[in-house]
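Architecture at a glance
Single-letter residue listing:
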Amino acid sequence: MEIPYTITEREDTGLTNPKLGIWLFLASELMLFGALFSSYLVLRLSGSSWPVQAEELSVPLGTLNTAILISSSITMVMSWVALKAQDFKKFRLHLGLTIILALLFLFIKIVFEYMPKFEHHHYMSTNNFFGIYFTMTGLHALHIIAGVVVNGYLWGPGSKMWKSEPEKFTNRIEVSGLYWHFVDLVWIFLFPVLYLL
Amino acid sequence: MADAQSHLTVYRNVFLALLVLTVVTVAVAGLNVGTGAAVGIALLIAAFKGSLVANYFMHLATERKLIYMLLVLTVAFFLALMIIPLTDILTHVRQ
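Quick caveat: nothing in here was measured; it's all calculated off a predicted structure.

Our next topic: the overall build of chain A. In terms of regular secondary structure, chain A is built from 7 helices and 0 strands. Traced from its N-terminal end to its C-terminal end, chain A shows the element sequence α-α-α-α-α-α-α. Judged by the C-alpha coordinates and their principal axes, chain A covers about 60 × 35 × 25 Å. Residues counted as buried form 36% of the 197 residues belonging to chain A.

Residue and element names in this part refer to chain B. Positionally, alanine 37 belongs in helix H2 (residues 35-57). Its 12 C-beta neighbours within 10 Å are what place alanine 37 among the exposed residues. Residues alanine 37 and tyrosine 68, spaced 31 residues apart in sequence, show a C-alpha to C-alpha distance of 31 Å.

A few words on the interface of chain A and chain B. The partner chain B presents 35 residues to the 35 residues of chain A that form the contact. Elements with a minimum of two residues in the side of chain A that touches chain B: helix H1 (17-46), helix H3 (59-84) and helix H7 (166-196) of chain A. Considering each element in turn, the side of chain A that touches chain B owes the most residues, 13 residues, to H1(A). Among the residues forming the side of chain A that touches chain B, the class breakdown is 25 nonpolar, 9 polar and 1 charged.

All names here are of chain B. Looking at chain B as a whole, the pLDDT averages 89, with 93% of positions reaching at least 70. Taken element by element, chain B is modelled with least confidence in helix H1 (residues 2-30), mean pLDDT 89, and with most confidence in H2, mean pLDDT 93. Complex prediction metrics read pTM 0.95 and ipTM 0.92.

Below, the discussion takes up H7(A). For H7(A), with 31 residues, the first-to-last C-alpha span of 44 Å sits near the 45 Å given by 1.5 Å per residue. Counted residue by residue, H7(A) has 25 buried out of 31 residues, so it is predominantly covered.

Bringing the environment of Val28(B) into the picture now. Residue and element names in this part refer to chain B. Here valine 28 shows up in helix H1. For the pair valine 28 and alanine 38, spaced 10 residues apart in the sequence, the C-alpha separation amounts to 7.4 Å. Here valine 28 is in contact with Ile41 and Ala42, once residues within four sequence places are set aside.

Looking now at the domain arrangement of chain B. Often, the extent of an interface is quoted as the loss of accessible area on bringing the components together. For chain B, the domain assignment lists domain 1 (1-63) and domain 2 (64-95). Placing the centre of domain 1 of chain B and that of domain 2 of chain B at their C-alpha centroids yields a distance of 22 Å.

Analysis parameters
Residues numbered from 1 in each chain as written. Chains lettered and ligands numbered in written order. Predicted model: local features only at pLDDT ≥ 70, side-chain atom pairs only at ≥ 80, totals over all residues. Helix = DSSP H or I, 4+ residues; strand = E, 2+ residues; numbered from the N terminus. Buried ≥ 20, exposed ≤ 12 C-beta atoms within 10 Å, placed from the backbone. Contact = placed C-beta atoms within 7 Å. Nonpolar A, V, L, I, M, F, W, Y, C, P; charged D, E, K, R; others polar. pLDDT = per-residue confidence, 0-100. Expected span 1.5 Å × (residues − 1). Domains from an automatic or database assignment.

The structure is reproduced here in structure tokens:
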């Protein structure tokens, strides 16, 4: 079944269906992460002991990963701008960079942050701090993986749509970008809350 | 084309602002300003960075009214999720 209003805006909403859909999804995502931020507050403020977070986690690696995600957000928006300017080559370059930066984020997170923690026997079950740290960053990492899968598809086989339905494809990149910027936005809050405060 | 160029300039400036604010967040965390002030400053900077991403990268600044209505509702519930446990903790745990 063809989804209506993927290019033209509906009169009643003033939006295309995919755009309204992704914002509804992001609203639900905000509540999902909100529940975890709320859990963090409860654990941290009512618990008797809490480690100095900056001593448990690597602030330089967290800062580096923040810069990487911010960079991936600008390349994502540039890929959409390139399609708007009918420049498919530039689109592929920028979306490709977005995917590489996302993979770099995951590589640093897993190899330089998670794995040394496991080597030092720090798991979710170790204490409340590591419990909520692994839950929040793990859920965020799953979102990064989902973004890589979707953007990977749009970079590869999904990009064939550019030839047949360029406007629809451009909107797909916009919607995928909205998701990706949200993932960046969540990290902007996760970083100070888990690493610095 | 001039319009596209000005958009690119905005994106670049937002990107640079986000990088600078990340460095500021880390630098402020290194100062000894007390827990309350540190939390306030870090969350203020994060909120400002978040609004830059939402307004410019996600084009919220020029978005339709329906999305604002949807987000106002979501943010209200999000704040309830934060405030309800917080009031409970502040009145029962920290007396």
